Amino acid sequence: MLRWTVLFIILAIIAGIFGFGGIAAGAASIAKILFFIFLVLFIISLISGRRSV
């Protein structure tokens, strides 16, 4: 999922360079959502990893 976040961030940067404002904003918002989903899943995996003894 982190790979998708990086892909959408790169897409947003490239679209921003070429002046496609709507596409860049859409890709940036998708990347932001995927980043927060990845962050939540990462925290959950850290918590569940510490519980197993």
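Everything below is about the structure printed above this text.
A. Region of interest: the overall build of the protein. Across its full length, the protein carries two helices and zero strands. Projected onto its principal axes, the C-alpha coordinates of the protein cover approximately 55 × 15 × 10 Å. By residue count, 15% of the 53 residues in the protein fall in the buried class. Carbon and sulfur atoms provide 79% of the accessible area of the protein, an area that totals close to 4300 Å².

B. Fine view of a nonpolar patch on the surface. A cluster of nonpolar side chains, Val 6, Ile 9, Ile 10, Ile 13, Ile 14, Ile 17, Phe 18, Phe 20 and Ile 23, forms an exposed patch at the surface whose accessible area comes to about 900 Å². By residue number, the principal contributor to the nonpolar patch is helix 1 (residues 2-18), which donates seven residues. Within the fold, Ile 17 resides in helix 1.

C. Region of the structure containing the packing of aromatic side chains. Using the criterion set out here, one finds two aromatic pairs in the structure. A centroid spacing of 5.6 Å and a plane angle of 65° characterise the contact between Phe 35 and Phe 36, whose relative ring orientation is edge-to-face. Assessed through its relative accessible area of 37%, Phe 35 is described here as partly exposed. Taken together, a centroid distance of 6.4 Å and an interplanar angle of 20° make the contact between Phe 38 and Phe 42 stacked. Placement of both Phe 38 and Phe 42 in helix 2 (residues 21-51) is noted, with a separation of four residues, approximately one turn of the helix. By relative accessible area, Phe 38 is classed as partly exposed at 27%.

Cut-offs used in this document
Residues numbered from 1 in each chain as written. Predicted model: local features only at pLDDT ≥ 70, side-chain atom pairs only at ≥ 80, totals over all residues. Heavy atoms only, no water. Helix = DSSP H or I, 4+ residues; strand = E, 2+ residues; numbered from the N terminus. Buried < 20%, exposed > 50% of the residue type's maximum accessible area, 1.4 Å probe, protein only. Areas by Shrake-Rupley, 256 points an atom, 1.4 Å probe, with all protein chains shown as cover. Patch = residues over 30% accessible without salt bridge, like charges linked within 9 Å, V, L, I, M, F, W, Y side chains within 5 Å. Salt bridge = Lys/Arg side-chain N within 4 Å of Asp/Glu carboxyl O. Phe/Tyr/Trp six-rings, centres within 6.5 Å; stacked < 30°, edge-to-face > 60°.

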